[in-house]
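# Close look at the chain arrangement
What follows is each chain in one-letter form.
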Amino acid sequence: MEIDEKALIEAAKYGDAEAFGVLVKRYMPKALSFVRQMTGSAEDAEDLVQEAFLKAYRGLSGFKGESSFYTWFFRVLSNICLDHLRKGVFLKKVFFIPSVSDEDDEESGQLEQAPDPNTSWSRPDERLNQKELRAALSRALKILPERQRAVFLLKNNEGMKITEIAAVLGISEGAVKSHLVRAITSLRKHMKGYGRHV
Amino acid sequence: MFKDSVCKDYGELLVLYHYGELGPSESELVATHLKSCPACAKELGEISGILAAAPVYTPTQLETARAVKGVMESISAVKVGRWANRLLPAYIAAAATVAAIALSVSVPKFIDRAPQENQVLAQSDWEVVENYDVIKDYDVIEQMDNIDNLEQL
């Protein structure tokens, strides 16, 4: 851990909110990015990230410095995020309430439909441009199971090591590798359905 | 899953090889295999292409600033709560002290009222006792007057 980060955490433990504020500013972009892509909702992302930082501030006495603050905080963040998503899935199944990610993104679920024959995606030899590819991947990401999505985002977007992801999600390294491979296989499979041979 | 042409043992390893998550010996094994297997090399290329195109959400400065502000405001509320909790025992101690002082002033007044009354009674009783001697003497004096009257008779 960086020396300045250690000093910031020690100060924050003794109630120095400004010291904790430095950590908040440092990790806010990554936290927002991760949760936004996990939930698909900007509003949820802000709420959940706020909840995570507040929980981290209250629980700072439990941070022993065995891992980096980044890993420790992302553990708090991912638990809150996964709990939120599971609650949404539960509500959707039991009470037929649409989950927030469905509400925020009108395009979600389109991956399940047959491609429009008039679009270039239906022609197998047509290559998608980067923008379309990114949009299609974004949709494919949303329908991944939450755990696979979390592993993929932490690995591919956050650049965490397999060992770090295992610590963040509280699973074994073997499970992380398994989730990662399945996630990438699923993404490629969905991209194939849109005529992109990957 | 991976394409049929991809060597069975290397399919999943290619993902980990792309991310540099293989140990030195495994990494060497895959690197050697890729040199002689066009199918696996092509597979690795496609995996790398799709992963490079994966969307990454970057929040705007405004979003970040707003989120930071929200967090710091919540933390301020927590700090006020913490201070209140820290001072709570002091508040309780202060309240207990004030109550004790109030009781110590008011209760003795109530208790002392009874003995004062007894003292008044005692004093009046004593006065009666004092006066009783006079009364007794008065009787004697009266009798002496009666004797005088008798003598006169």
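Being a predicted model, the structure only gives us computed values, none of them experimental.

Glancing now at the overall build of chain B. From N to C terminus, chain B includes four helices and zero strands. Listing every helix and strand of chain B by position from the N terminus yields α-α-α-α. By residue count, 23% of the 153 residues in chain B fall in the buried class. Sequence separation of at least 24 residues holds for 48% of the intrachain contacts in chain B that already meet a minimum separation of 6. In the structure as shown, chain B presents an accessible area of about 11,100 Å², 62% of it carried by carbon and sulfur atoms.

Attention now goes to the nonpolar core. Of all hydrophobic cores here, the largest spans 82 residues; its most connected members are Phe 20, Phe 53, Phe 69 and Phe 152 of chain A. The leading source of residues in this core is helix 2 (residues 17-39) of chain A, at 12 residues. Both of domain 1 (5-86) and domain 2 (98-197) of chain A provide at least three residues apiece to this core. Aside from chain neighbours lying at most four places away, what touches Phe 152 of chain A is Leu 141, Asn 157, Leu 180, Ala 183, Ile 184 and Leu 187 of chain A together with Tyr 19, Leu 51 and Ala 54 of chain B.

Taken together, the contact pairs 32 residues of chain B with 40 residues of chain A. Summed over both partners, the interface of chain B with chain A buries about 3,500 Å², with 69% contributed by carbon and sulfur atoms. Among the residues of chain B in contact with chain A, Ile 50, Pro 55 and Tyr 57 of chain B are the three that bury the most area, contributing 18% of the side total. For the salt bridge of Arg 188 of chain A with Glu 43 of chain B, the shortest nitrogen-to-oxygen distance reads 2.6 Å.

Definitions and cut-offs
- Residues numbered from 1 in each chain as written.
- Chains lettered and ligands numbered in written order.
- Predicted model: local features only at pLDDT ≥ 70, side-chain atom pairs only at ≥ 80, totals over all residues.
- Heavy atoms only, no water.
- Helix = DSSP H or I, 4+ residues; strand = E, 2+ residues; numbered from the N terminus.
- Buried < 20%, exposed > 50% of the residue type's maximum accessible area, 1.4 Å probe, protein only.
- Contact = heavy atoms within 4.5 Å.
- Areas by Shrake-Rupley, 256 points an atom, 1.4 Å probe, with all protein chains shown as cover.
- Core = buried A, V, L, I, M, F, W, Y, C linked by side-chain atoms within 4.5 Å.
- Domains from an automatic or database assignment.
- Buried area = accessible area lost by both parts, 1.4 Å probe.
- Salt bridge = Lys/Arg side-chain N within 4 Å of Asp/Glu carboxyl O.

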